[in-house]
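Listed below, chain by chain, are the residues.
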Amino acid sequence: FHAGDVAQRAAEEEQKVPLPLYIMSDERGEAPLISVETAGEETLVAALFSSPEKAHEFRNRASHLDLPDGLGTIEDLDGLRRHALVARQAGADYAVVDPESGLTEAIPLEEWIR
């Protein structure tokens, strides 16, 4: 790759991420991972939201998960990288933006960790 190609790809990736993003978090700033079943196996994912309203709607729909009431904010790509690193260390391989019932596109955390 040429440096210009790498810079262009990074700029394209930045435009795909709807910043700021919101995460559900407790009073200590910890954000839970959500367990989903795929192909008969459980996978941990980090749930991210494009607005506080979407986070609240998800919490209401998934009340059985006992998610925290607080919201944290990811303001920039550096914050997104840090969150992805922490989520990966906690056992997640993917993130989902604005999760819905049924099929939702999962994003490999590695895309944000580079």
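Structure shown above.
Everything in this summary refers to the structure shown in the same document. (Residues numbered from 1 in each chain as written. Predicted model: local features only at pLDDT ≥ 70, side-chain atom pairs only at ≥ 80, totals over all residues. Heavy atoms only, no water.)

Next up on the list: helix 2 (residues 52–61). By the burial criterion, the buried members of helix 2 are Ala55, Phe58 and Arg59. For helix 2, the arc enclosing every buried residue in end-on projection is 100°, short of the 170-degree limit, so these residues lie on one face. Buried residues along helix 2 sit against strand 1 (21–25), strand 2 (33–38) and strand 4 (70–74). (Buried < 20%, exposed > 50% of the residue type's maximum accessible area, 1.4 Å probe, protein only. Helix = DSSP H or I, 4+ residues; strand = E, 2+ residues; numbered from the N terminus. Arc of directions from axis to C-beta. Contact = heavy atoms within 4.5 Å.)

Tallied over the full model, the rule gives five salt bridges. Of the charged contacts in the structure, one is a salt bridge between Arg28 and Asp26, with a shortest N-O distance of 3.4 Å. Look at Arg28 and you get exposed, because its relative accessible area is 61%. Arg28 is paired through a salt bridge with Glu30; the nearest N and O atoms lie 3.3 Å apart. Several salt bridges share partner residues, and in doing so they unite Asp26, Arg28 and Glu30 into one network. (Salt bridge = Lys/Arg side-chain N within 4 Å of Asp/Glu carboxyl O.)

Time to look at unusual backbone geometry. Leu19 connects to Pro20 through a cis peptide bond whose omega is 0°. With respect to the secondary-structure elements, Pro20 resides in the loop between helix 1 (3–16) and strand 1. Even without glycine at this site, Asp66 takes up a positive phi of about 55°. Summarising the element assignment, Asp66 is placed in the loop between helix 2 and strand 4. In this structure Asp66 comes out as exposed when scored by relative accessible area, which is 68%. With a phi close to 55°, Asp98 is a non-glycine residue in the positive phi region. With respect to the element layout, Asp98 can be found in the loop between strand 5 (94–97) and strand 6 (107–108).

This next bit is on the sheet that holds strand 6. A sheet is described by the order of its strands in space; here four strands give the open sequence 2-3-5-6, paired in mixed fashion. Two strands close off the open sheet at either side, each with one partner strand: strand 2 and strand 6. Here strand 2 runs beside strand 3 (residues 41–48); their pairing, made up of six bridges, is antiparallel. Paired with Val36 across the bridge in strand 3 is Thr43. (Pairing = 2+ DSSP bridges.)

What follows is about the nonpolar core. Counting 16 residues, the largest nonpolar core has Leu48, Leu80, Leu109 and Trp112 as the members making the most contacts within it. Within the residue set of this core, elements represented by two or more residues are strand 1, strand 3, helix 3 (77–89) and helix 4 (110–113). Excluding its chain neighbours within four sequence positions, the residues that come into contact with Leu48 are Leu21, Tyr22, Ile23, Ile74, Leu80, His83, Ala95, Val96, Val97, Asp98, Pro99 and Trp112. Counting eleven residues, the second-largest nonpolar core is a separate cluster that includes Tyr22, Ala47, Phe49 and Phe58. (Core = buried A, V, L, I, M, F, W, Y, C linked by side-chain atoms within 4.5 Å.)

With that out of the way, let us pick up the environment of Ile113. One can find Ile113 in helix 4. On the basis of relative accessibility, which here comes to 14%, the residue Ile113 falls in the buried class. Spatially, the C-alpha atoms of Ile113 and Arg82 are 7.6 Å apart, while their sequence positions differ by 31 residues. Not counting residues up to four positions away in its chain, the partners in contact with Ile113 are Arg81, Ala84, Leu85 and Arg88.

It is worth stressing that arrangement in space is one thing and function is another; only the former is reported here.
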